[in-house]
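Coordinate inspection notes
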Amino acid sequence: MGNATHSDYQAIAQSMIQVMGKITIKPDDYAALKDGTGWALSKVYPEDELPDLEQVVRHLHELRGQITSLRDDEYLETKELIISKAAPALGIGEGTLLAQLLAIGLDENLQLLAEENKEKIPGIMSLYLTHNRSFLTDTVFLGFPFHYFYSAVFLLVFFVGLCWIYCYRTDKLHARLNFLEQID
Amino acid sequence: MKKISIFLLSLIPLVANASNDVTQLEGSFKVGPAIILIFILSLFILVGLLFRAKDTTDYYAAGRGISRVGSGMAIASNWMSAASFLGMAALMYGTGYHGLSYVVGWTGGYVLLLILMAGQIRRYGKYTAADFIGDRYYSKTLRTVGAVIAILISIAYAVGQFGGIGLMFKWVMGIEYNLAVIIGGSVVLAYTLISGMLGVTKNMQIQYVIIISSFIIPLFLLTYKFDYFWLLPQIGYGSAVQDIVEGIQISEKSGLMNSLGHHFAIVPSPEYAMPWDPSAGQTFFQWMAIAFSLMIGTAGLPHVIQRFYVVPKARDARWSVVWGLFFICLLYWSAPVYSALGTILSSNPEVGTLSPDAIVVYTAQLGDINPLIVGLLAAGGVSAAFSTTSGLLVAGSSAFAHDLYVKVINPMARPKTQMLVARLGTLLMAVIITIIAMVDLALIAQLVAIAFSMAGCTIFPLFLLGIWWSGSNRAGAKAGLIVGGIITLISLTYLVGARVGWVLPYNDFITYYLGAWYFAWIGAPLAIAANIIVSKLTDETPLEIRKFLIEKVHS
């Protein structure tokens, strides 16, 4: 990261926030990315204003432990304050989903990146951003990714159809052979 | 009648106030859902009493008199448990495609069941799995072992059901999970014993209609509310899956938010729909092994196979599978809708970690559906678990009283003693199941999958070879059972070991290749191979059995 530019830090921070928003993210991985995002932000944020931002982040964390509703006014205002300060520095639009994820995805100590997390982050990014995509997954059918439709909808229709055909053909065969079943 | 009316009227304010209770995902006692739950369970008993069979003949005649469609509904009702109602959506919540292996396995198993078993079992003419095994393999020992395995499978299957009942009681009553399991377990035990004492006949068609309605109605509301094609949610949710893959920006769906005030938005998450995605933690092998194990497990589950003994003809047995599978598929087409919408609605990290097994109910809650409809959904889940559990407890205790106590321990037992033993068996099973459910070993559907793998390793090979190969003999059956039993034991030892912190040799290798939800992928073929090899090396099957198979089962 020695030669990284301002836009490089913005890009890596945005990527990490994207991954932090994934539903499959594991708590340890989320914590590591949180650490990394704060560090990347500290590289592009005015140094003299960092303590203020850290203070607001700390306040948000304190509020999180006290509030009974996520719609608490002070909590929401504090989140908006963080967004208004940090999102522009990372090139993130204030009304976007990434801005919302950023507000809750910062550590209190922005400048510090734990050595352990520094080593883990490339592996985490690779894990969550590598997918088995092909034309079967990219083709959209009835709104579904095709292969998802195939497994979730079509196969079930196919199984019912297969059973129906089996019973129908067996009945026909029995009729042709004059096979009568006994009822006991 | 007047008293009943006054009582019902007095409930109206309670039900109306219930709307205010469900403002949080967990927490306080929810009056509305509790009343709906009591109402549905009472309805099941009431309907059962109204249509009560007069005697044993009537009982079987009633079972044999229903139409193919009705028989299909009965199969579906018997099948639909907490694992289907709550567990399917849980498996797909967050990890999407990964959970489809269970859908494919549990439905594909019916094709095997139809082609390999249904008609042949009906023609064989035995009434329980233990009866069949004892008769076909001319062995009292195997009969006893068959009965014990049937009981163990019932227990493994019921553990998942108790887990589901516990989760829903926790949600309705706002109490701790362990306490909820004990209360839920006691209620289901009382329900089973009261139903038994009153001679309630299970009206499975009505149960099916109530359970499936409670599951599907919220889907229309959710898809309508969140701008998806609501007339057929089972297809309409395809766009929701695609939205998860591509992501939804806040601006695209402005005004749509969950009940906690979070925007209806999600970052692009292709892992939800991609096959064997690394972040889902499941490989191609595991996906296939789960699907295969569940398929053969379905064709080997005693309480599923037994449905075919009570239809009039083999032809009816076949057609009842077709309709049964169709009615089951109605639920399996619908469950992924909850997972997809639940994934979007809970995507904000602020929502925190939700219990996947309750995601069906949470999705409806996050979607801000009327609390009474959410209550109906929860009640449907409990009803599904109740009907299956009471069936399993009855089947397990009958195996205990009839197949073990009367046939092996005390053949001279009087009917009164038999009844007492059956009730004690029910109680004993309920206690064992409650204790295991409190350990909270895994997701509901995964716990149930253990029962399927057990059945796949033990009962399935005995039925498959017993019906289709007259050369399979007593010694072969014993060898197959031993091999299947050993594989089962190894897998379950590692599962429990991981839970209690034992460091067992080759842990990674065994837990990967003999995972508790799919060990039948290798256990069943090995059991079949052992059965064939030993049968070939030992005395032939007696002539009368070979003759019976040709003349009665396959002609």
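Residues numbered from 1 in each chain as written. Chains lettered and ligands numbered in written order. Predicted model: local features only at pLDDT ≥ 70, side-chain atom pairs only at ≥ 80, totals over all residues. Heavy atoms only, no water.

1. Digging into the overall build of chain A
Quick note on the threshold: Helix and strand assignments come from DSSP, with helices taken as H or I runs of at least 4 residues and strands as E runs of at least 2, each series counted from the N terminus. We compute the radius of gyration over the C-alpha atoms and compare it with the globule rule, which gives 2.2 Å times the number of residues raised to the power 0.38. When a residue's accessible area, from a 1.4 Å probe over protein chains only, is under 20% of the maximum for its type it is buried; when over 50% it is exposed; and in between it is partly exposed. In what follows, residue pairs with any heavy atoms lying within 4.5 Å of each other are defined as contacts.
Across its full length, chain A holds eight helices and two strands. Taking 2.2 N^0.38 as the reference for a compact globule, 184 residues should give roughly 16 Å; the C-alpha atoms of chain A span a radius of gyration of 27 Å, well beyond that estimate. Referenced to the eigenvectors of the C-alpha coordinate spread, the extents of chain A come out at roughly 95 × 45 × 30 Å. Here chain A holds 184 residues, and the buried ones make up 46% of them. Counting contacts in chain A only where the partners sit at least 6 residues apart, residues at least 24 apart contribute 66% of the total.

2. Things to note about the overall build of chain B
Helix and strand counts for chain B stand at 24 helices and zero strands. Taking all 555 residues of chain B together, the buried fraction comes to 61%. For chain B, restricting intrachain contacts to residue pairs at least 6 apart in sequence, the fraction spanning at least 24 positions comes to 82%.

3. So, helix 4 (residues 68-79) of chain B
Residue and element names in this part refer to chain B. What counts, and what does not: For a helix, the expected span equals 1.5 Å multiplied by the number of residues minus one.
Its twelve residues give helix 4 an end-to-end C-alpha distance of 16 Å, which sits within 8% of 16 Å, the value for a rise of 1.5 Å per residue. Burial runs high along helix 4: ten of the twelve residues are buried. For helix 4, the full list of buried residues reads Gly70, Ser71, Gly72, Met73, Ala74, Ile75, Ala76, Ser77, Asn78 and Trp79.

4. What about the domain arrangement of chain A?
Defined as follows: Where a domain begins and ends is set by an automatic assignment or by a domain database.
Split into domains, chain A comes out as domain 1 (6-129) and domain 2 (135-176). For domain 1 of chain A and domain 2 of chain A, the distance between their C-alpha centres works out to 46 Å.

5. Digging into the interface of chain B and chain A
The condition that has to hold: Here the quantity called buried area is the accessible surface, traced with a 1.4 Å probe, that two parts lose on coming together, added over both. The term salt bridge refers to a side-chain nitrogen of Lys or Arg lying within 4 Å of a carboxyl oxygen of Asp or Glu. Polar contact is the term for a pair of N or O atoms within 3.5 Å; when the atoms are in protein, one must be able to donate a hydrogen and the other to accept it, and sequence-neighboring residues count only if both atoms are side-chain atoms. Any residue that is not Ala, Val, Leu, Ile, Met, Phe, Trp, Tyr, Cys, Pro, Asp, Glu, Lys or Arg is counted as polar, Gly included; the first ten are nonpolar and the last four charged.
Contact residues are listed per partner, giving 70 residues for chain B and 58 residues for chain A. Note on chain B versus chain A: buried area summed over both sides is about 5,300 Å², and carbon and sulfur give 65% of it. The interface formed by chain B and chain A holds four salt bridges in total. Run the count over chain B and chain A and you get 14 residue pairs in polar contact (both at pLDDT 80 or more). Contributing elements (two or more residues each) for the side of chain B that touches chain A: helix 6 (100-124), helix 11 (233-236), helix 12 (238-246) and helix 15 (314-345) of chain B. It is helix 15 of chain B that provides the largest number of residues to the side of chain B that touches chain A, a total of twelve residues. Split by residue class, the side of chain B that touches chain A holds 40 nonpolar, 21 polar and nine charged.

6. As for the side chain of Thr343 of chain B
Residues and elements named next belong to chain B. With respect to the helices and strands, the residue Thr343 is situated in helix 15. For Thr343, a relative accessible area of 0% translates into the label buried. Among the polar contacts made by the side chain of Thr343, one reaches the main-chain carbonyl oxygen of Ser339 at a distance of 2.6 Å.

7. Examining a negative patch on the surface
Stated formally: Think of a patch as exposed residues, more than 30% relative accessible area, with no salt bridge, where like charges cluster within 9 Å and nonpolar side chains (Val, Leu, Ile, Met, Phe, Trp, Tyr) cluster within 5 Å. Areas reported as accessible are Shrake-Rupley estimates using a 1.4 Å probe. Residue values count occlusion only from the protein chains shown. As used throughout, the charge tally considers Lys and Arg to be positive and Asp and Glu to be negative, leaving His and the chain termini uncounted. A charged residue contributes its charge at one atom only: NZ of Lys, CZ of Arg, CG of Asp or CD of Glu.
Where like charges cluster on the molecular surface, the negative patch consists of Asp28, Glu115, Glu116 and Glu119 of chain A. Mapped onto the elements of the fold, Glu115 of chain A is located in helix 6 (residues 115-129).

8. Notes on a nonpolar patch on the surface
Together, Phe220, Tyr224, Phe229, Trp230, Leu231 and Leu232 of chain B make up a nonpolar patch on the protein surface, roughly 630 Å² of accessible area in all. We classify Leu232 of chain B as partly exposed; its relative accessible area is 42%.

9. Some words on the side chain of Gln100 of chain A
Note on placement: Gln100 of chain A falls in helix 5 (residues 97-104). Classification of Gln100 of chain A as buried rests on a relative accessible area of 17%. The contact partners of Gln100 of chain A, leaving out residues within four places of it in the chain, are Lys79, Glu80 and Ile83 of chain A together with Ile250 of chain B.

10. Details of the environment of Tyr512 of chain B
All names here are of chain B. Along the polypeptide, Tyr512 turns up in helix 22 (residues 507-513). Tyr512 sits in the partly exposed class, given a relative accessible area of 25%. Setting aside residues up to four positions removed in sequence, Tyr512 forms contacts with Thr283, Phe285, Gln286 and Tyr518.

11. Observations regarding the packing of aromatic side chains
The condition is simple: The criterion for an aromatic pair is that two Phe, Tyr or Trp rings (for Trp, the six-membered ring) have centres within 6.5 Å, with stacked assigned to planes under 30 degrees apart, edge-to-face to planes over 60 apart and tilted to the rest. The rule for a charge over a ring is simple: NZ of Lys or CZ of Arg within 6 Å of the ring centre, and within 35 degrees of the ring normal.
Enumeration according to the criterion identifies 44 aromatic pairs over all chains in this entry. Ring geometry for Trp164 of chain A against Trp319 of chain B: centres 6.3 Å apart, planes inclined by 75 degrees, an arrangement best described as edge-to-face. Here the residue Trp164 of chain A occupies a position in helix 8 (residues 146-176), and Trp319 of chain B occupies one in helix 15, the pair thus bridging two chains. Take Trp164 of chain A: its relative accessible area is 42%, and that puts it in the partly exposed class. The residue whose ring lies beneath Lys30 of chain B is Trp171 of chain B, and the NZ or CZ to ring-centre distance is 4.9 Å.

12. Some thoughts on the confidence of the model for chain A
To keep it simple, the criterion reads: One confidence number per residue, pLDDT, is output by the predictor and ranges from 0 to 100.
Mean pLDDT for chain A: 89, with 97% of residues reaching 70 or above. Ranking the elements of chain A by mean pLDDT puts helix 7 (residues 135-138) of chain A last with 88 and helix 8 of chain A first with 94.

13. A look at the nonpolar core
Selection rule: Residues belong to one nonpolar core when they are buried, are Ala, Val, Leu, Ile, Met, Phe, Trp, Tyr or Cys, and are joined through side-chain atoms within 4.5 Å.
Within the largest apolar cluster, 237 residues are counted, with the highest numbers of intra-cluster contacts made by Leu41 and Tyr148 of chain A together with Trp106 and Phe463 of chain B. Counting residues per element, this core draws most heavily on helix 15 of chain B, at 18 residues. Residues lining this core come from more than one domain, with at least three contributed by each of domain 1 (6-129) and domain 2 (135-176) of chain A. Listed in part, the six residues of the second largest apolar core include Ala401, Tyr405, Val406 and Ala413 of chain B.

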